[in-house]
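Here's the letter readout for the chains.
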Amino acid sequence: QVQLVESGGGLVQAGGSLRLSCAASKSIFSASTMGWYRQAPGKQRELVAEITTGGSTRYADSVKGRFTISRDNAKTTVYVQMNSLKPEDTAVYYCRADVSPTLLGAPFSYWGQGTQVTVSS
């Protein structure tokens, strides 16, 4: 059974930092683009950052220069280091694995359960 398990959320003051972790099942990690998404109350879920199997990264404009995504293939874990946090970063953060069709025969995505990040002003 494929699992994505997030950790590292919490309450932090504006200007502070947090690091989120997402431990993924070994069966899919090496074949997956890994991403972090977030959803604030009353808003749509949005991409925060993603990293391909080759290490290429993409960020939302709102987090560029403040967030850094990375992956540890040996630990099958993806991280996002979040610095200079702002109240508008408050949301539930979700990990997603976009699995290559070469592994499953068709593209497929898995989601984690989410972790709350709250930034106080």
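These remarks concern the structure in this document.

What counts, and at which threshold
- Residues numbered from 1 in each chain as written.
- Predicted model: local features only at pLDDT ≥ 70, side-chain atom pairs only at ≥ 80, totals over all residues.
- Heavy atoms only, no water.
- Phe/Tyr/Trp six-rings, centres within 6.5 Å; stacked < 30°, edge-to-face > 60°.
- Buried < 20%, exposed > 50% of the residue type's maximum accessible area, 1.4 Å probe, protein only.
- Lys NZ or Arg CZ within 6 Å of the ring centre and 35° of its normal.
- Disulfide = S-S within 2.5 Å.
- Helix = DSSP H or I, 4+ residues; strand = E, 2+ residues; numbered from the N terminus.

1. Re the packing of aromatic side chains
This structure, assessed with the given rule, holds 3 aromatic pairs. Considering the side-chain rings of Phe108 and Tyr110, the 4.9 Å spacing of their centres and the 65 degrees angle between planes classify their relative orientation as edge-to-face. On the basis of relative accessibility, which here comes to 45%, the residue Phe108 falls in the partly exposed class. Over the ring of Tyr94 we find Arg45, and its NZ or CZ is 3.7 Å from the ring centre. The cationic tip of Arg71 hangs over the ring face of Phe29; the distance from NZ or CZ to the ring centre is 4.4 Å.

2. With respect to the state of the cysteines
Tallied over the full model, the rule gives 1 disulfide. With a sulfur-sulfur separation of 2.1 Å, Cys22 is cross-linked through a disulfide to Cys95. Between Cys22 and Cys95, the S-S torsion sits near -80 degrees, and that sign places the bridge as left-handed. Of the two residues, Cys22 sits in strand S3 (residues 18–24) while Cys95 sits in strand S9 (residues 91–99), which places them 73 residues apart along the sequence. In this pair, the class of Cys22 matches that of Cys95, namely buried.

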